[in-house]
Amino acid sequence: MAHDHMIEMLDLDAEVLSDYHRNLIAVVGAEAGDHPHIVDLGAGSGTGSLALARELPGARVTAVDVSPEMLAHLRGRALEEGLDDRIRTVEADLDQPWPDFGPVDVIWAASSMHHMADPARALTAAREALRPGGLLVIAELDSFPRFLTGTPDEPLEALVHTEADRMRHEAGLHMHENWFDRITEAGFSGVSEKHFEIELPGPLPRAAARYAEVSLGRMRHRLEGRVADAQLAELDKLVTGLGTRDDLTIRTERTVWQGRR
Ligand SMILES: C[S@@+](CC[C@H](N)C(=O)[O-])C[C@H]1O[C@@H](n2cnc3c(N)ncnc32)[C@H](O)[C@@H]1O
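Reading the values: rules and limits
Residues numbered from 1 in each chain as written. Predicted model: local features only at pLDDT ≥ 70, side-chain atom pairs only at ≥ 80, totals over all residues. Heavy atoms only, no water. Near = heavy atom within 4 Å. Polar contact = N/O pair within 3.5 Å; in protein donor to acceptor, adjacent residues only side chain to side chain. Areas by Shrake-Rupley, 256 points an atom, 1.4 Å probe, with all protein chains shown as cover. Nonpolar A, V, L, I, M, F, W, Y, C, P; charged D, E, K, R; others polar. Helix = DSSP H or I, 4+ residues; strand = E, 2+ residues; numbered from the N terminus. Expected span 1.5 Å × (residues − 1). Buried < 20%, exposed > 50% of the residue type's maximum accessible area, 1.4 Å probe, protein only. Arc of directions from axis to C-beta. 1 Å grid on protein atoms, 1.4 Å probe; cavity = no way out; pocket = protein on both sides within 12 Å on 5 of 7 lines; lining within 4 Å. Points joined across faces, edges and corners; volume = space filled by probe spheres on them. UniProt positions renumbered as here; feature names shortened; annotations may be inferred. Contact = heavy atoms within 4.5 Å. Axes fitted to C-alpha atoms, helices over the stretch in contact; angles between N-to-C directions. Parallel < 35°, antiparallel > 145°, perpendicular 65-115°, else oblique. Left-handed = near helix turned anticlockwise from the far one by under 90°. Pairing = 2+ DSSP bridges. Core = buried A, V, L, I, M, F, W, Y, C linked by side-chain atoms within 4.5 Å.

Structural notes on the site of the ligand
Okay, step 1: Neighbouring the ligand are 19 residues, the closest being Gly42, Thr47, Asp65, Leu94 and Ala110.
Okay, step 2: Within the contact set of the ligand, an oxygen atom lies 2.8 Å away from a side-chain nitrogen or oxygen of threonine 47.
Okay, step 3: Burial of the ligand by the protein amounts to 89% of the accessible area it has alone, namely 600 Å².
Okay, step 4: Considering only residue class, the shell around the ligand consists of 9 nonpolar, 7 polar and 3 charged.

In structure tokens:
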């Protein structure tokens, strides 16, 4: 995976869908108490860790990821924003036995649970890591952002997503797990689920066009050899032209679950 584009894509998601991300942070803010220790599982480029530290001035965040590149980027951003005294990074493969994080008030996992080889085992580990009464928050994508709804290119974008879904399935990612049931089975109580349907009409800010370019560009790259050459050529043309279009919109669906140890 090209980490540079992945990092840019995650950062753009947080920037372009800032309202959704703020809503998500508010969930923790309302539930976590004044000085929570939050563990961000699969923290990636740091969108969650940084926003949590920014929005919750009393919080300490432990950002965990298997990727040293992601964590280096996250540390750089924490330093730039003056949040480095409250964010520490831990490099760990969460498919292996977890490090001891110390007492944990909140476990936050945004778009990362589906990466776990064995989600049931990861949820059990999350429960064991939390203090009694501690909060688990899981956010997942029901659908990746669509940018071309209602334009003549909608079918081509749909084809890209169909193929990308197939690839995720082949790679063993747990994209459409029943997280409500998994979380309940892992022994959490008071499990709740909130669904977000996000629709941003045009005209969109410049960052949204860049987000479209990066995400469709990454998917196009991965479709090499999987779709016909003519379709790849059409896609190249589409991706190249995205930066100057004024008919882009964003549609994506996400769900957030909470539970208590
Ligand atoms: C889609 S990104 C989500 C990043 C971030 N939470 C966000 O919402 O922007 C998933 C992250 O999970 C990490 N990850 C995947 N498998 C992992 C594992 N077994 N242990 C630790 N981190 C893992 C990846 O390196 C990546 O940074």
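This is not the end of the story, as more comes after the structure.
Overview of helix H4 (residues 68-80)
Okay, step 1: Relative to the 18 Å expected for 13 residues at 1.5 Å per residue, H4 spans 18 Å between its end C-alpha atoms, a close match to the ideal helical length.
Okay, step 2: Every buried residue of H4 is accounted for by Met70, Leu71, Leu74 and Ala78. The buried residues of H4 occupy an angular sector of 90° when projected down its axis, which confines them to one face. Those residues of H4 that are exposed and aimed more than 90 degrees away from the buried face are Leu79 and Glu80.
Okay, step 3: Just downstream of H4 lies glycine 82, where phi reads positive at about 70°.

Overview of the layout of surface pockets
Okay, step 1: Put simply, the second largest pocket is a space of about 160 Å³.
Okay, step 2: For the lining of the second largest pocket, the secondary-structure elements that each account for two or more residues are strand S5 (130-146) and helix H6 (154-170).
Okay, step 3: In terms of residue count, the dominant contributor to the lining of the second largest pocket is S5 (5 residues).
Okay, step 4: In terms of residue class, the lining of the second largest pocket is made up of 4 nonpolar, 4 polar and 4 charged.

Examining the UniProt feature "domain: Methyltransferase" (unreviewed entry) in the protein chain
Okay, step 1: When the UniProt feature table is mapped onto this chain, "domain: Methyltransferase" (unreviewed entry) is found at residues 38-134.
Okay, step 2: Span residues 38-134 is 34% helix and 28% strand, its end C-alpha atoms 10 Å apart.

Description of helix H5 (residues 119-129)
For an α-helix, 3.6 residues make a turn, and residues three or four places apart therefore share a direction.
Okay, step 1: Every buried residue belonging to H5 is among Pro119, Ala122, Leu123, Ala125, Ala126 and Ala129, and all of these are buried. The buried residues of H5 occupy an angular sector of 160° when projected down its axis, which confines them to one face.
Okay, step 2: Check the buried side of H5 and you find it contacts strand S4 (104-110), S5 and helix H7 (179-185).

Here we look at the packing of helix H8 (residues 206-222) against helix H9 (residues 229-241)
Okay, step 1: Where H8 meets H9, the closest approach of the two axes is 10 Å, and the angle between their N-to-C directions is 160°. By the angle between their axes, H8 is roughly antiparallel relative to H9. Crossing angle aside, the handedness with which H8 passes H9 is left-handed. For the pair formed by H8 and H9, the contact residues are Glu213, Leu216, Gly217 and Arg220 on the first element and Leu232, Leu235, Asp236 and Val239 on the second.
Okay, step 2: Here the contact of H8 with H9 is built from residues that sort into 4 nonpolar, 1 polar and 3 charged.

What about the environment of aspartate 153?
Okay, step 1: Checked against the element boundaries, aspartate 153 lands in the loop between S5 and H6.
Okay, step 2: The residues touching aspartate 153, leaving out its near neighbours within four places in the chain, are Leu148, Leu238 and Arg245.

A word on the sheet that holds strand S3 (residues 87-91)
Okay, step 1: With respect to topology, 7 strands assemble into an open sheet ordered S3-S2-S1-S4-S5-S7-S6, the strand pairing being mixed. Edge positions in the open sheet fall to S3 and strand S6 (189-200), since each of these has one partner strand only. Here the strands of the sheet are splayed against their neighbours by 20° on average, with no regard to which way each runs.
Okay, step 2: Pairing of strand S1 (residues 37-41) with strand S2 (residues 60-65), which is carried by 5 bridges, proceeds in the parallel orientation. Looking across to S2, one finds that histidine 37 is bridged to arginine 60.

Section: the nonpolar core
Okay, step 1: In this structure, Tyr20, Val28, Ile38, Leu52, Ile87 and Trp108 are the most contacted members of the largest nonpolar core, which totals 58 residues.
Okay, step 2: By residue number, the principal contributor to this core is H8, which donates 8 residues.
Okay, step 3: Not counting residues within four places of it along the chain, the set of residues in contact with tryptophan 108 comprises Leu24, Ile25, Val28, Ile38, Val39, Asp40, Leu41, Gly48, Leu52 and Val137.

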